[in-house]
Amino acid sequence: MTKPAQDRPTLTDRPALLRQRDRANRRGFADILHRLAADEIQDRLSEINRRFTAPAVVTGFPDFWAQVLPDARVVSDEPVLDLQPGAHDLVVHAMALHWADDPVGQMVQCARALREDGLFIAACFGGQTLQELRAALAQAEVEMTGGLSPRILPMGEIRDMGGLLGRAGLALPVADLVTQKASYRDLFHLAHDLRAMGEGNAMAARLRRPTGRAVFARAAAIMAEHHADRDDPSRIATTFDLVFLTGWSPSETQPKPLRPGSATTRLEDALKEIRTRKT
């Protein structure tokens, strides 16, 4: 059973997240990973033999995504989405789902906004994103202060995130992942880029007092020692995993899985035939 909204733990300090996004937009939004996500989504759409005439995009960066899908209705990733039931044949949740306190709820709202046999696509960070930075900051903070505070957003595993599609009532669910390694001069260069992406620490449970410089200096040394870029050891490398989720609004015209036990050919017989062909 889904918990009532008031009983769910609050992951995100939404006012802080909105301030970060606003600063990123005003000071020069670093959109390279958004462009990678957009290219992947466009590739997926190009493989579907259908023209979508009523698309919508849910995102925290409307200016960028309005250019990617210029005919789409662009709405903010608020807890309650400004989408009308059955109004769209395509809904793209673009690079914001990882900040949702209720990702299933976001998907359910997107699914309700779809027409029959409409397509839902989400792109967000997940998997091992920033695993190197997470480990370095944790080690440095424990060494220097004896404590540990939330600094990197928890990332969903692809299997768990794929399972949310079915919970949202979407059919033919598919989850896949694109890994991007990124190289930086040092930890401070990486932190600057994260702020420029609007992806700084906006967790509700984050430390609310300034962190001593010694913690970051130690974390930078750990990154340089343990996560040097293989191609240029003077730099550091970190991981960004982009998770893509795809599902369809149920329709009678969609292919259905066979009932258990309804197969007409045994797997053993099929494997025997393949071995016979090879010999």
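Details of the structure are given in the entry above.
First, a word on scope: everything that follows refers to the structure included in this document. (Residues numbered from 1 in each chain as written. Predicted model: local features only at pLDDT ≥ 70, side-chain atom pairs only at ≥ 80, totals over all residues. Heavy atoms only, no water.)

This part covers the overall build of the protein chain. Helix and strand content of the protein chain: nine helices and six strands. Within the protein chain, the fraction of its 279 residues that count as buried is 45%. If you take every contact in the protein chain between residues at least 6 apart in sequence, the share linking residues at least 24 apart comes to 82%. Of the roughly 15600 Å² of accessible surface on the protein chain, a fraction of 52% belongs to carbon and sulfur atoms. (Helix = DSSP H or I, 4+ residues; strand = E, 2+ residues; numbered from the N terminus. Buried < 20%, exposed > 50% of the residue type's maximum accessible area, 1.4 Å probe, protein only. Contact = heavy atoms within 4.5 Å. Areas by Shrake-Rupley, 256 points an atom, 1.4 Å probe, with all protein chains shown as cover.)

Looking now at the packing of aromatic side chains. Going through the model one piece at a time under the given rule, you end up with four aromatic pairs. Aromatic pair Phe29 and Phe61: ring centres 4.3 Å apart, planes at 10 degrees, arrangement stacked. Separated by 32 residues along the polypeptide, Phe29 in the loop between α1 (14-27) and α2 (32-46) and Phe61 in the loop between β1 (55-59) and α3 (62-68) bring together distant segments of the chain. On the basis of relative accessibility, which here comes to 2%, the residue Phe61 falls in the buried class. Stacked on the ring of Phe244, the Lys or Arg Arg44 has its end atom at 4.3 Å from the ring centre. (Phe/Tyr/Trp six-rings, centres within 6.5 Å; stacked < 30°, edge-to-face > 60°. Lys NZ or Arg CZ within 6 Å of the ring centre and 35° of its normal.)

The next subject is the packing of helix α7 (residues 187-196) against helix α8 (residues 213-226). The N-to-C vectors of α7 and α8 enclose an angle of 105 degrees; their axes lie 9 Å apart at closest approach. Relative to α8, α7 is oriented roughly perpendicular. On the side of α7, the interface is formed by Leu187, Phe188 and Leu190, while α8 contributes Phe216, Ala217, Ala219, Ala220 and Met223. Grouping the amino acids of the contact of α7 with α8 by side-chain chemistry returns eight nonpolar, no polar and no charged. (Axes fitted to C-alpha atoms, helices over the stretch in contact; angles between N-to-C directions. Parallel < 35°, antiparallel > 145°, perpendicular 65-115°, else oblique. Nonpolar A, V, L, I, M, F, W, Y, C, P; charged D, E, K, R; others polar.)

There is a patch of like positive charges on the surface, built from Arg19, Arg23, Arg27 and Arg195. Ranked by the residues each element gives to the positive patch, the list is headed by α1, at three residues. By secondary structure assignment, the location of Arg19 is in helix α1. (Patch = residues over 30% accessible without salt bridge, like charges linked within 9 Å, V, L, I, M, F, W, Y side chains within 5 Å. Salt bridge = Lys/Arg side-chain N within 4 Å of Asp/Glu carboxyl O. Lys, Arg positive; Asp, Glu negative; His and termini not counted. Charge placed at Lys NZ, Arg CZ, Asp CG, Glu CD.)

Residue position: Glu141 is located in helix α5 (residues 131-145). Separated by 2.8 Å, the side chains of Glu141 and Ser149 make a polar contact. (Polar contact = N/O pair within 3.5 Å; in protein donor to acceptor, adjacent residues only side chain to side chain.)

Between its terminal C-alpha atoms α5 stretches 21 Å, which fits the 21 Å expected from 15 residues at 1.5 Å a residue. If you check which residues of α5 are buried, you get Glu132, Leu133, Ala136, Leu137, Ala140 and Glu141. The buried residues of α5 occupy an angular sector of 145 degrees when projected down its axis, which confines them to one face. Among the structural elements, β5 (171-184), α7, α8 and β6 (236-248) are those in contact with the buried residues of α5. At the C-terminal side of α5, Gly146 shows a positive phi close to 80 degrees. (Expected span 1.5 Å × (residues − 1). Arc of directions from axis to C-beta.)

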